[in-house]
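Commentary on secondary and tertiary structure
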Amino acid sequence: MLAIVPFTSFRVTDERCPLTEVLTGSQILCRVLLEEGVDLLFGYPGGAIMPFYHALPDYPGLRHVLVRHEQAAAHAADGYARATGRAGVCVATSGPGATNLVTGLATAHMDSTPVVAITGQVPRAMLGRDAFQETDIIGITQPITKHSVLVEEVEELADAVREALAIAVEGRPGPVLVDIPKDVQQAKAEWVDGRTGGRAEGRSGGQADGRTVGNEIDRATRLIAEAQRPLIMAGHGIILAGAYEELRTLAERTGIPVITTLLGISGFSESHPLHLGMPGMHGEVHVNRAIQQADLILGVGLRFDDRVTGNLAGFARNAKVIHVELDPSEIGKNVATEVGLVGDARTILAALLDGVAPRDCEAWREEIAGFMRPREESYRGDLSPQGILGAIDAASDGRCTIVSDVGQHQMWVAKLFPYRRPNTHLTSGGLGTMGFAVPAAMGAALARPDEPVWAISGDGGFQMNMQEMATMVQEGIPVKMAVFNNGYLGMVRQWQQFFHGRRYSATPIWSPDYVRLAEAYGIFGRRVERGDQVADAVREATAAPGPALIEFLIEQEANVFPMIPPGASLSEPIEGEPAERLVPA
Ligand SMILES: Cc1ncc(C[n+]2csc(CCOP(=O)(O)OP(=O)(O)O)c2C)c(N)n1
């Protein structure tokens, strides 16, 4: 076959001599991305990144998805990363393009997901002169990235990109930004056998794993053996480490009930008899009571953040804490820790399994069962979140990924969907970013082409990134979208009802006609007003070949219960409509 070689100063030498080419920075960038296994980019072009976009068509192995807003590129890369465990890559131009990525990078940073952002920058000679579309994106993103670099020489570009992709995924994952001045993208360098020289030695450092020593494991196994009321609290680290089997085996061997935090959901099957539910602000009453009664909490891969603990002074006062965490700075940060086990959740759980003797916690589980009560939600009528989520589960034969936005629906999606398969619940936990679901679902859908991916949003969050329907149509990304339309920024309205004397300031929100909107994009659209319409609409949307949008007109003033008021402890839940708790605004 005839190979067509683009004209470069291209020199073929005999076998003993290295193959040397002269490439532009942009070509080097494309090559390195491909070599490192990247095949998908979410981005948006502009002046300072044009040399890269000029080179891109020569590398058909790099699929580029043109988003409609750079925030969506970052969230889509994040959704892809969460679904695959690989780095998601997004691209933007300098100035406004780069700053539009910021919310997405902060989201990835808070939830430890590996996103690599590649930004164009003004030419080196213009740096620091307030040039057109110049922003110090390195400075802006420093606190919300794991690492960032301004590439000052084309010879450094290849290693900078390799390093970025490696740093994003290794240890505790997180976002990395590579800022590349336009003239570095245009500059040429010799490319010798896949390298540009420079720092070919690679990087040193990185997080060593398994730093936990044996006697700490022994102390932990002893505490597990002695505890009368132990709980496992499983966080995102279970999913990031793929520690599903180890977690299940540990739970089954000891009979210890498992709590999954918002980001730990789908780390442990919800149909497992040892699964208890979600803790914290909107956690189940029996879960929070179990925490308050526990004498041991084995926290795995989580931060003990304030949404989980409530008022720290009143959190799990009878419990000793064993904290398994890859990032040592998390240990002891929020809760006092008896034993800190530093390392990857899978490695540490495997080490614990070596030492943990079989036992059961039947009496304790019975005690917890006594805390359970029928779920009380405040929606009236038959169009309930539970019914909608059940229909979504049924229409996909239990094989779908749910990406939720932020608000009341997020809590319903967290608590009411029966997650049975690993890593099938994606949401913005730490930053709580409205607008996340739709673009993140695009990334997840491209990562999981063989199953339905549902973006579930409120009418507020959906309107923050609904422009991405155009991306889905142009790129053939079959995201199924559910809008829980209650006519309010529901979660804020709920706080106004409970704590601000029902003063609904700036929370009623108008929506367009979503069915006609779907029509305008040429996609399937339905409005569901009654419970008896739910199953058909969901089935049809699932079967529709491309993206699909369903608007569910849900109860307008339904509330999420239970709720721990801000500043209160887990022992002080609001369990129903709180008329007597109203306080003046
Ligand atoms: C970008 C962003 N802005 C503001 C908020 C604050 N906030 C949290 S929940 C919420 C209301 C969400 O309303 P909606 O999307 O309609 O969902 P619902 O709560 O009604 O289910 C708001 C405004 C946020 N989390 N993110």
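Residues take numbers from 1 onward in each chain, read along the sequence in its written order. Per-residue local features of the predicted model are confined to residues with pLDDT of at least 70, and side-chain atom pairs are confined, for both listing and counting, to 80 or more; whole-chain, interface and lining totals are unaffected and use all residues. In computing side-chain values, all of the structure's heavy atoms are included and hydrogens and water are not.

**A closer look at the overall build of the chain**
Put simply, DSSP marks the helices as runs of H or I at least four residues long and the strands as runs of E at least two long, and each gets a number from the N terminus on. Counting its regular elements, the chain contains 23 helices and 20 strands. Here the radius of gyration uses the C-alpha set of atoms, whereas the globule reference equals 2.2 Å times the residue count to the power 0.38. A compact globule built from 585 residues should have a C-alpha radius of gyration of about 25 Å, and the chain, at 25 Å, falls within 12% of that. The rule is simple: take the accessible area with a 1.4 Å probe, protein chains only, and divide by the maximum for that residue type; under 20% is buried, over 50% is exposed, in between is partly exposed. Taking all 585 residues of the chain together, 59% fall into the buried category. Throughout, a contact is declared for two residues whenever any of their heavy atoms are within 4.5 Å. For the chain, the share of sequence-separated contacts (at least 6 apart) that also reach a separation of at least 24 residues comes to 75%. The accessible surface values rely on the Shrake-Rupley method and a 1.4 Å probe; as for residues, cover is taken only from the protein chains in view. When the accessible surface of the chain is totalled, it reaches about 23,300 Å², and 51% of it is carbon and sulfur. Charge convention: Lys and Arg are scored as positive, Asp and Glu as negative, and His as well as the terminal groups of each chain are ignored. The atoms used to mark charge sites are NZ of Lys, CZ of Arg, CG of Asp and CD of Glu. Across the chain, 50 positive and 71 negative side-chain charges occur, with their mean positions spaced 2 Å apart.

**A look at the pattern of salt bridges**
Whenever Lys or Arg places a side-chain nitrogen within 4 Å of a carboxyl oxygen from Asp or Glu, that contact is recorded as a salt bridge. A full pass over the atoms with the stated rule returns 29 salt bridges. We note a salt bridge from R172 to D327, for which the minimum N-O separation is 2.8 Å. One end of the pair, R172, is in the loop between α7 (157-169) and β7 (176-181); the other, D327, is in the loop between β13 (320-325) and β14 (339-342), with 155 residues separating them in the sequence. In terms of burial, R172 and D327 fall into one category: buried. A salt bridge links R420 to D393; its shortest N-O distance comes to 2.6 Å. Note that R420 is positioned in the loop between α17 (408-416) and β16 (425-427) and D393 in helix α16 (residues 385-395), a separation of 27 residues in sequence. Using a relative accessible area of 39% as the deciding quantity, one classes R420 as partly exposed. The class for D393 is buried, based on a relative accessible area of 9%.

**As for the nonpolar core**
One recurring pattern in soluble globular proteins: nonpolar side chains tend to sit buried together. Judged by nonpolar contacts, the single largest core of 56 residues is most densely connected at I291 and I297. Considering every element that reaches this core, the biggest residue donor is helix α14 (residues 345-355), with 5 residues. When near neighbours in sequence (up to four residues on either side) are disregarded, I291 contacts L231, M233, I259, P279, I297, F315, A316 and L570. Nine residue types can take part in a nonpolar core, namely buried Ala, Val, Leu, Ile, Met, Phe, Trp, Tyr and Cys, and a core is a set of them joined through side-chain atoms within 4.5 Å. By size, the runner-up hydrophobic cluster in this structure holds 50 residues, among which are A76, L101, M472 and A518.

**Things to note about the sheet that holds β14**
Spatially, the 6 strands line up as an open sheet ordered β11-β10-β9-β12-β13-β14, and their pairing is parallel. A strand with exactly one partner marks an edge of an open sheet, and here the two such strands are β11 (275-277) and β14. Each neighbouring strand pair of the sheet contributes to a mean axis angle of 20°, computed without reference to strand direction. Between any two strands, pairing holds if DSSP finds at least two bridges. As judged from the 2 bridges shared by strand β10 (residues 258-260) and β11, these two strands associate in the parallel manner. Along β11, the bridge assignment pairs I259 with G277. Sheet strands touched by helix α11 (residues 244-254): β9 (230-234), β10 and β12 (296-300). Its angle to β9, the strand with the most contacts, is close to 170°. With axes taken as lines fitted to C-alpha atoms, and helix axes fitted only over the stretch in contact, angles between N-to-C directions fall between 0 and 180 degrees.

**Describing helix α1 (residues 25-35)**
Burial within α1 is extensive, with 8 of its 11 residues counted as buried. Among all positions in α1, only G25, S26, Q27, I28, L29, C30, V32 and L33 are buried. Of the residues one or two after α1, G37 is the one with positive phi, at around 90°.

**Let's talk about the site of the ligand**
Taken together, 17 residues sit near the ligand, with Q408, H409, G432, G461 and G490 positioned nearest. By the criterion applied in these results, polar contacts are pairs of N or O atoms within 3.5 Å in which, for protein atoms, one can donate a hydrogen and the other can accept it, and in which residues neighboring in sequence qualify only through two side-chain atoms. Contacts to the ligand include G432, whose backbone N or O atom sits 2.8 Å from a nitrogen atom. A distance of 3.1 Å separates an oxygen atom of the ligand from a polar backbone atom of Y488. With the chains in place, 76% of the 590 Å² that the ligand exposes on its own is no longer accessible. Breaking the shell around the ligand down by element, the ones donating at least two residues are α17, α19 (459-465) and α21 (490-499). Top contributing element to the shell around the ligand by residue count: α19, with 4 residues. Of the residues assigned to the shell around the ligand, the class counts are 7 nonpolar, 9 polar and 1 charged. We call a residue near a molecule or strand whenever a single non-hydrogen atom of that residue lies within 4 Å of it. Residues are grouped as follows: Ala, Val, Leu, Ile, Met, Phe, Trp, Tyr, Cys and Pro are nonpolar; Asp, Glu, Lys and Arg are charged; all remaining types, including Gly, are polar.

**Considering the pairing of strand β3 (residues 63-66)**
Direction of pairing for strand β2 (residues 40-43) relative to β3: parallel, over a ladder of 4 bridges. Bridge pairing in β3 links L40 to R63. Classification remark: right-handed applies to a crossover when, strands pointing away from the viewer, the course from the first strand over the helix to the second runs clockwise. In this fold, β2 hands off to helix α2 (residues 50-55), which returns the chain to β3; that crossover is right-handed.

**Some remarks on the layout of surface pockets**
Of the voids in this model, the second largest pocket is the one considered here, and its volume is about 360 Å³. If you trace the second largest pocket, you find 19 residues lining it, with E284, V285, H286, R373 and R375 closest to the centre. Where the lining of the second largest pocket is concerned, the elements lending two or more residues are β11, α12 (285-293) and α17. Residue contributions to the lining of the second largest pocket peak at 3 residues, all from β11. For each structure, a 1 Å grid was placed over the protein atoms alone; sets of points admitting a 1.4 Å probe that cannot get out are labelled cavities, open sets with protein on both sides within 12 Å along at least five of seven lines are labelled pockets, and lining residues have an atom within 4 Å of a point. Grid points are joined across faces, edges and corners, and a volume is the space filled by probe spheres set on the points.

**Re the sheet that holds β7**
Strands sit in the order β3-β2-β4-β5-β7-β6 across an open sheet of 6 strands; the sheet is parallel. Edge positions in the sheet fall to β3 and β6 (147-150), since each of these pairs with one other strand and no more. Pairwise comparison of adjacent strand axes, ignoring direction, gives a mean angle of 20° for this sheet. As defined by bridge partners, strand β5 (residues 115-121) adjoins β7 across 6 bridges and the pair is classed as parallel. Bridge pairing links Q121 to P181 in β7.

**Things to note about α21**
In terms of burial, α21 is largely enclosed, as 8 of its 10 residues are buried. Considered for burial, the residues of α21 that qualify are G490, M491, R493, Q494, Q496, Q497, F498 and F499. Elements in contact with the buried residues of α21: α17.

**A short note on empty space enclosed by the protein**
With the rule as written, the count across this model stands at 1 cavity of 30 Å³ or more. As a volume, the largest cavity reaches approximately 50 Å³. Along its surface, the largest cavity is lined by D393, G398, C400, F417, P418, Y419, R420, R421 and T424. Here the residues of the lining of the largest cavity are counted per class, giving 4 nonpolar, 2 polar and 3 charged.

**Focus: unusual backbone geometry**
A cis amide bond, omega -5°, links F561 with the succeeding residue P562. With respect to the element layout, P562 can be found in the segment after β20 (548-553). Despite not being glycine, D130 has its phi angle at roughly 55°, a positive value. The residue D130 is located in the loop between β5 and α6 (137-141) in this model.

**Quick word on the packing of aromatic side chains**
Aromatic pairing here means that ring centres of Phe, Tyr or Trp (its six-membered ring) are within 6.5 Å. Orientation follows from the plane angle: under 30 degrees is stacked, over 60 is edge-to-face, and everything else is tilted. Going through the model one piece at a time under the given rule, you end up with 9 aromatic pairs. Judged by centre distance (5.5 Å) and plane angle (70°), the ring pair of Y488 and Y504 falls under edge-to-face. Here Y488, found in the loop between β18 (480-485) and α21, pairs with Y504, found in the loop between α21 and α22 (514-521); they are 16 residues apart in sequence, far enough to count as distant. Each member of the pair Y488 and Y504 is classed as buried. Ring centres 5.8 Å apart and planes at 80° place the aromatic pair W495 and F499 in the edge-to-face group. Placement of the pair is W495 and F499 together in helix α21, with a separation of 4 residues, close to one helical turn.

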